[in-house]
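# Structural characterization, general
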There are 2 protein chains.
Amino acid sequence: MYKLQEEMEEQVEMVGRAFVEHYYHLFDTDRSSLASLYHQSSMLTFEGQKLQGVDDICAKINQLPFDKCHHFISTIDTQPSSFAGGITVFVSGSLRLMCEEHPLRFSQMFHLIPTPQGSFYVQNDIFRLNYG
Amino acid sequence: MYKLQEEMEEQVEMVGRAFVEHYYHLFDTDRSSLASLYHQSSMLTFEGQKLQGVDDICAKINQLPFDKCHHFISTIDTQPSSFAGGITVFVSGSLRLMCEEHPLRFSQMFHLIPTPQGSFYVQNDIFRLNYG
């Protein structure tokens, strides 16, 4: 029983890490393809601005006022969520814009929900820059 | 229908804000009473350390190596979660320890689940200091 829980935790962590790597790779190389990770029910709160649905979310992401960027990940924390098979992912890191000298610190959380096809989509996404 | 959704969002935001105020007030004035906000199924990841269940979570919180502290909240973002009536809360702010000159920046997320008694408990809690 204990071993089973340990294995589940490892799997949750593995999925969370793979998702984070995939998400920021797409963000940094082909932002428009992030559309594949959101559904109609998905929610994004970006610096306090609330968006819902894959179209509005991707319009926001694609219209961010910078072209090239690079995310550096510092920490990834994962927990199984209350939704069967769901995973909560909490990320901290920094974001380097090509037009800016100093990287910006950020925190972001995702709630991932499994799809019938065996992958995951983002149901909840909250992003904040960390000032100070 | 639109009005209904707007009202729901307002309520989610109201509950999230009230929870945040309550949580950090207890943390700063009577840390041991935070036990009332966690259940046996609750999970806390504190600076990467994973804890589960109200006893282990509260032991961790009560044994933190500082006595008096004060949380200052910068931002609170809320979203309804996929669990019926659940609320995702994302907080950023700073933590002032009495023994430290400089405040520490932090981010924290909570997943709140409604109880049959009409209140909420913390199912997921992830805390990270923001260095850099």
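Shown above is the structure to which this text applies.
Here we summarise the structure given alongside this text. Just so it is clear, the structure is predicted and the values come from calculations on it, not from any experiment.

What counts, and at which threshold
- Residues numbered from 1 in each chain as written.
- Chains lettered and ligands numbered in written order.
- Predicted model: local features only at pLDDT ≥ 70, side-chain atom pairs only at ≥ 80, totals over all residues.
- Heavy atoms only, no water.
- Salt bridge = Lys/Arg side-chain N within 4 Å of Asp/Glu carboxyl O.
- Helix = DSSP H or I, 4+ residues; strand = E, 2+ residues; numbered from the N terminus.
- Buried < 20%, exposed > 50% of the residue type's maximum accessible area, 1.4 Å probe, protein only.
- Polar contact = N/O pair within 3.5 Å; in protein donor to acceptor, adjacent residues only side chain to side chain.
- Contact = heavy atoms within 4.5 Å.
- Least-squares fit on C-alpha atoms with pLDDT ≥ 70 in both.
- Pairing = 2+ DSSP bridges.
- Axes fitted to C-alpha atoms, helices over the stretch in contact; angles between N-to-C directions.
- Phe/Tyr/Trp six-rings, centres within 6.5 Å; stacked < 30°, edge-to-face > 60°.

## Section: the pattern of salt bridges
Tallying each qualifying case throughout the model produces 6 salt bridges over all chains. For Arg128 of chain B, the salt bridge goes to Asp77 of chain A, with nearest N and O atoms at 2.7 Å. Here Asp77 of chain A lies in strand β3 (residues 69-80) and Arg128 of chain B lies in strand β6 (residues 120-129), a pairing that spans two chains. Arg128 of chain B sits in the buried class, given a relative accessible area of 12%. Judged by its relative accessible area of 4%, Asp77 of chain A is buried. Across the pair Glu13 of chain B and Arg17 of chain B runs a salt bridge, and its minimum N-O distance is 3.8 Å. Of this pair, Glu13 of chain B and Arg17 of chain B are both found in helix α1 (residues 2-29), 4 residues apart, which corresponds to roughly one turn of the helix. Exposure remark for Glu13 of chain B: the relative accessible area of 31% places this residue in the partly exposed category.

## Some words on the side chain of Asp77 of chain B
Here the side chain of Asp77 of chain B touches Arg128 of chain A through a polar contact of 2.7 Å, side chain to side chain. Setting aside chain neighbours within four positions, we find Asp77 of chain B in contact with Thr45, Gly48, Ile126 and Arg128 of chain A together with Thr88, Val89 and Phe90 of chain B.

## Quick look at the relation of the copies chain A and chain B
In the superposition of chain A on chain B (RMSD 0.0 Å, axial shift 0.0 Å), the rotation amounts to 180 degrees. Here the two chains are linked by the operation of a two-fold rotation axis. Minimal C-alpha distance to the rotation axis in chain A is attained by Phe83 of chain A, lying at 3.0 Å. Both copies contact each other with a shared surface, as 100% of the interface residues of chain A are interface residues in chain B too.

## Quick look at the pairing of strand β2 (residues 49-52) of chain A
Residue and element names in this part refer to chain A. Pairing between strand β1 (residues 38-46) and β2: 4 bridges, direction antiparallel. When the sheet's bridge partners are listed, Leu44 is paired in β2 with Leu51. Between β1 and β2, which follow one another and run antiparallel, lie 2 residues, and Glu47 among them has a positive phi close to 50 degrees.

## Some remarks on the sheet that holds strand β5 (residues 104-114) of chain A
Residues and elements named next belong to chain A. Spatially, 6 strands are ordered β2-β1-β6-β5-β4-β3 in an open sheet, and the strand pairing comes out mixed. The open sheet has two free edges, formed respectively by β2 and β3, since each of these has just one partner strand. On average, adjacent strands in this sheet sit at an angle of 15 degrees to one another, irrespective of strand direction. Relative to strand β6 (residues 120-129), β1 is paired through 5 bridges, and the arrangement is parallel. Pairing of Thr45 across the sheet is with Ile126, part of β6. The strands touched by helix α2 (residues 54-62) within the sheet are β1 and β2, with β1 carrying the most contacts at an inclination of about 40 degrees.

## Comments concerning the packing of aromatic side chains
All names here are of chain B. Scanning the model with the defined rule gives 19 aromatic pairs over all chains in all. Summarising the aromatic geometry, the rings of Phe19 and Phe110 are spaced 4.9 Å apart at their centres and angled 75 degrees between planes, so their arrangement reads as edge-to-face. One end of the pair, Phe19, is in helix α1; the other, Phe110, is in strand β5 (residues 104-114), with 91 residues separating them in the sequence. The same class applies to Phe19 and to Phe110, which are both buried.

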